[in-house]
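Descriptive analysis of the structure
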Amino acid sequence: MTQILISDHSEVNAPSWSYDTLKPPKISIYNLFKDIRWHIKLYNEANLPLKTKIQFICLRIVQRISYNKGWEKGGKNVKK
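This section reports on the structure supplied with the text. (Residues numbered from 1 in each chain as written. Predicted model: local features only at pLDDT ≥ 70, side-chain atom pairs only at ≥ 80, totals over all residues. Heavy atoms only, no water.)

1. Brief notes about the overall build of the protein chain
- Of the regular secondary structure elements, the protein chain holds two helices and zero strands.
- The buried share of the protein chain, taken over its 80 residues, is 24%.
- Carbon and sulfur atoms make up 63% of the accessible area of the protein chain, which totals about 6,500 Å². (Helix = DSSP H or I, 4+ residues; strand = E, 2+ residues; numbered from the N terminus. Buried < 20%, exposed > 50% of the residue type's maximum accessible area, 1.4 Å probe, protein only. Areas by Shrake-Rupley, 256 points an atom, 1.4 Å probe, with all protein chains shown as cover.)

Structure below.
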């Protein structure tokens, strides 16, 4: 049997994801900043080294942009 753990640190609780996660918020400097700030808070709580925090932030930026661009492209393909 698989046990699923639900964390209080879910992205759904992030300030920039305050609605349906199947329709991600538009990528904007402001939304990206809020998302990064929220993740930095989590990294600080986990006492991660500065180098690791910077690496995770860079990965988060790439992940967020890729996710949003994928949804945009996928939506265009469905509408055709």
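2. Some thoughts on the packing of aromatic side chains
- Taken as a whole and judged by the stated rule, the model has two aromatic pairs.
- With centroids separated by 5.6 Å and ring planes inclined at 50°, the aromatic side chains of Tyr43 and Phe56 adopt a geometry described as tilted. Placement of the pair is Tyr43 in helix 1 (residues 29-45) and Phe56 in helix 2 (residues 50-79), with a sequence separation of 13 residues.
- Ring geometry for Tyr67 and Trp71: centres 6.3 Å apart, planes at 65°, overall edge-to-face. (Phe/Tyr/Trp six-rings, centres within 6.5 Å; stacked < 30°, edge-to-face > 60°.)

3. Describing the environment of Ile40
- In this fold, Ile40 is placed in helix 1.
- Judged by relative accessible area, Ile40 falls into the partly exposed class, the value being 31%.
- With 13 residues separating them in the primary sequence, Ile40 and Lys53 have C-alpha atoms 7.2 Å apart.

4. Examining the environment of Arg60
- Topologically, Arg60 is positioned in helix 2.
- The class of Arg60 is buried, set by a relative accessible area of 4%.
- Sequence separation between Arg60 and Asp35 is 25 residues; the distance between their C-alpha atoms is 8.8 Å.
- Only 3.2 Å separates the side chain of Arg60 from the side chain of His39, close enough to count as a polar contact. (Polar contact = N/O pair within 3.5 Å; in protein donor to acceptor, adjacent residues only side chain to side chain.)

Everything listed here is a matter of geometry and, on its own, says nothing about what the molecule does.
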